[in-house]
Amino acid sequence: MKLGNISKMQRYGSKLVVLIGMIVLLIIAGCGNLSVSPGKGELVEPPKTGTGQGLPNGETAAAPAAKATVYPLKVKDATGKEFIFDKAPARLVSISPSETETLFALGLGEQVYGVSDFCDYPAEALKKPKMGSIVKPNEEALLASNADLIVTGVSMKIPAVEQLRSLKLNVFKVDPKTVDDVLNNTLVFGQIFNKQEQAEKLVAEMKADRQKVTDAVKNLQPEQKKRVLLEFSPGWTVGKGEFMDELITLSGGINIYGEMAGYSQLNEEKVIAANPQIILYPSNLIDDKSKKTLDQIIKERSGWEKIDAVKNNRIVGVDKDWISRPGPRITQGLVDIAKGIYPELVK
């Protein structure tokens, strides 16, 4: 081959290398333009590859992009007050055991500065500074907490909330009456605190508990459904419009106080006449006055020995906190109640 031809080929090869290099640079620059500027409430990182678990025939699929809250976020609480969050609140106080459990379940435990005197779950909550009662908390402690947001629940009435707000405290109230309310509140907290994935996972687990129960009792005929009394505190029961009543009905039971609204003091003659087949009570509760367990009190009541539940020893203990706290463990309470009513159906 002639030297002139070789020289031409070398020049051509050099130009080709330069051209390829320019194309690569353009591709890289173009991919760089796909990312979104941070701080705009949008995702910057590309979605990660999924494991494909749960898909038929071993198929795999890419996991959806992680959800991020877009701020500013407008949310109304149970009092109708509108909140506008420019970012996720960082320093939190909870003066409701249910909401304390929810915040910890969403992975916000380190951001919880203080809790009510009654917040005892999870164990980490016991180490937090105490803010007083769930009905009327310590105002000085709340002011000193310098919290971005104070969360309260069913026990605090609206006048008490407004009193705290008059002190320039940022109080967000929830008031769940049903299991769906608890699930929705969990999702709202997921949005407020930019914990949507954690909230959705928690809600999915709770829905699975509920589905387990409803599937187990769905074929019960009306004549097979058990009459139930739930005595959640000595001398007190619950009627329609409250989440504890729904736990009974979801479990396939008939609440003997279901025609009455809200919480009621027991009428012993009414209970004897209604003749419940199952009596549910909180097994981990001791009566302050008598120092007896609630099942002991029930068995010692005059005339109650005639009731089917007492005669057949169907006085069933359930976990006090599971059934009385409308938070992440409420569906565990549902399973507990359903097992108590229909142990042969709910395993």
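Shown above is the structure to which this text applies.
Rules used in this analysis
- The residue numbers shown here count from 1 along each chain, following its written sequence.
- For this predicted model, a pLDDT threshold of at least 70 governs which residues receive local features, and a threshold of 80 or more governs which side-chain atom pairs are given and counted, while totals over whole chains, interfaces and linings are taken from all residues.
- For the side-chain quantities, the full set of heavy atoms in the structure was used; hydrogens and water were omitted.
- Axes here mean lines fitted to C-alpha atoms, for a helix over just the part in contact, with angles spanning 0 to 180 degrees between N-to-C directions.
- A run of H or I in DSSP counts as a helix once it spans at least four residues, and a run of E counts as a strand once it spans at least two, with each numbered from the N terminus.
- Working definition: roughly parallel below 35 degrees, roughly antiparallel above 145 degrees, roughly perpendicular at 65 to 115 degrees, and oblique for all remaining angles.
- Take the far helix as the reference: if the near one is turned anticlockwise from it by less than a right angle, the crossing is left-handed, and if turned clockwise, right-handed.
- The contact rule is simple, with two residues in contact once any of their heavy atoms fall within 4.5 Å.
- As a working rule, the residues Ala, Val, Leu, Ile, Met, Phe, Trp, Tyr, Cys and Pro are called nonpolar, Asp, Glu, Lys and Arg charged, and the rest polar, with Gly in that last group.
- As used in this structure description, the phrase polar contact means that two N or O atoms lie within 3.5 Å; if the pair is within protein, one of them must be able to donate a hydrogen and the other to accept it, and residues adjacent in sequence are counted only when both atoms belong to side chains.
- What counts as a salt bridge is simple: a side-chain nitrogen of Lys or Arg found within 4 Å of a carboxyl oxygen of Asp or Glu.
- Here the term buried applies to any residue with accessible area under 20% of the maximum for its type, exposed to any over 50%, and partly exposed to those in between, with areas from a 1.4 Å probe on protein chains only.
- Only buried Ala, Val, Leu, Ile, Met, Phe, Trp, Tyr and Cys residues count toward a nonpolar core, and they belong to the same one when joined by side-chain atoms within 4.5 Å.
- Strands pair, by our definition, only if DSSP identifies at least two bridges between them.

Trainee: Describe in detail the packing of helix α6 (residues 196-217) against helix α12 (residues 330-341), supporting the description with residues and values.
Mentor: At a minimum axis separation of 8 Å, α6 and α12 run at an interaxial angle of 15 degrees. Between α6 and α12, the angle is such that the two are roughly parallel. Like other packed secondary-structure pairs, α6 and α12 cross with a definite hand, here left-handed. Of the residues in α12, those touching α6 at Met206, Asp209, Arg210, Lys212 and Val213 are Ile330, Thr331, Gln332, Leu334, Val335 and Ala338. Residue classes in the contact of α6 with α12 are distributed as six nonpolar, two polar and three charged.

Trainee: Report on the environment of Asn284, specifying residues and quantitative values.
Mentor: Within the secondary structure layout, Asn284 lies in the loop between β11 (278-282) and α9 (294-300). Distance in space between the C-alpha atoms of Asn284 and Leu294 is 8.9 Å, their sequence separation being 10 residues. If sequence neighbours within four positions are ignored, Asn284 has contacts with Val318, Asp319 and Lys320. Reaching out from Asn284, the side chain makes a polar contact with the backbone nitrogen of Lys320 at a distance of 2.8 Å.

Trainee: Explain the pattern of salt bridges residue by residue, including any values.
Mentor: As enumerated under the stated definition, the model contains 16 salt bridges in all. Among the salt bridges present, the one from Glu101 reaches Arg329, with a minimum N-O distance of 2.8 Å. Here the residue Glu101 occupies a position in helix α2 (residues 97-105), and Arg329 occupies one in the loop between α11 (320-324) and α12, the gap between them amounting to 228 residues. Residue class for Glu101 comes out buried when judged on its relative accessible area of 4%. Classification of Arg329 by relative accessible area gives buried; the value is 12%. Between Arg301 and Glu231 there is a salt bridge; the shortest N-O distance is 2.7 Å. Here Arg301, found in the loop between α9 and α10 (308-311), pairs with Glu231, found in strand β7 (residues 227-233); they are 70 residues apart in sequence, far enough to count as distant. For Glu231, a relative accessible area of 0% translates into the label buried. What you see here is one network of salt bridges that share partners, running through Glu101, Asp120, Lys320, Asp321, Arg325 and Arg329.

Trainee: Hey, could you go over unusual backbone geometry for me, with residue numbers and the actual values?
Mentor: In this model, Tyr71 is joined to Pro72 through a cis peptide bond whose omega is 0 degrees. Of note, Pro72 is situated in the loop between α1 (3-32) and β1 (73-76). A cis amide bond links Tyr121 to the next residue, Pro122, at an omega of -5 degrees. Of note, Pro122 is situated in the loop between β4 (112-115) and α3 (139-145). At Lys168, a position not held by glycine, the phi torsion is positive, near 70 degrees. Among the structural elements, Lys168 can be located in the loop between α4 (158-166) and β6 (171-173). Of note, Asn194 is a non-glycine position whose phi angle comes to about 55 degrees, a positive value. Checked against the element boundaries, Asn194 lands in the loop between α5 (179-192) and α6.

Trainee: Tell me what's going on with the environment of Leu266, and back it up with residues and numbers.
Mentor: Turning to its location among the elements, Leu266 is positioned in the loop between β10 (263-265) and α8 (268-274). Taking the C-alpha atoms as reference, Leu266 lies 9.3 Å from Val238; in sequence the two are 28 residues apart. Look past the residues within four positions of Leu266 in its chain and what remains in contact with it is Leu229, Glu231, Gly235, Trp236, Thr237, Tyr257, Val271, Arg301 and Trp304.

Trainee: Describe in detail the nonpolar core, supporting the description with residues and values.
Mentor: Formed by 53 residues in total, the largest nonpolar core has its most connected members in Phe85, Leu149, Phe172, Phe189, Ile192, Phe193 and Leu280. When sequence neighbours within four positions are dropped, the list of residues in contact with Leu280 reads Val228, Leu229, Leu230, Glu231, Val316, Val318, Ile337 and Ile341. Counting 15 residues, the second-largest nonpolar core is a separate cluster that includes Tyr257, Leu266, Val271 and Ile315.

Trainee: Explain the sheet that holds β6 to me, and be specific about the residues and the numbers.
Mentor: Strand order in the open sheet formed by four strands is β4-β3-β5-β6, with parallel pairing between adjacent strands. In this open sheet, the two edge strands, each paired with only one partner strand, are β4 and β6. Neighbour-to-neighbour, the strand axes of this sheet turn through a mean angle of 25 degrees, independent of strand direction. The pairing of strand β3 (residues 92-94) with β4 spans three bridges and is classified as parallel. Considered in β4, the bridge of Ser94 is made with Val115. α2 contacts β3, β4 and β5 (149-152) of the sheet and is inclined by roughly 140 degrees relative to β3.

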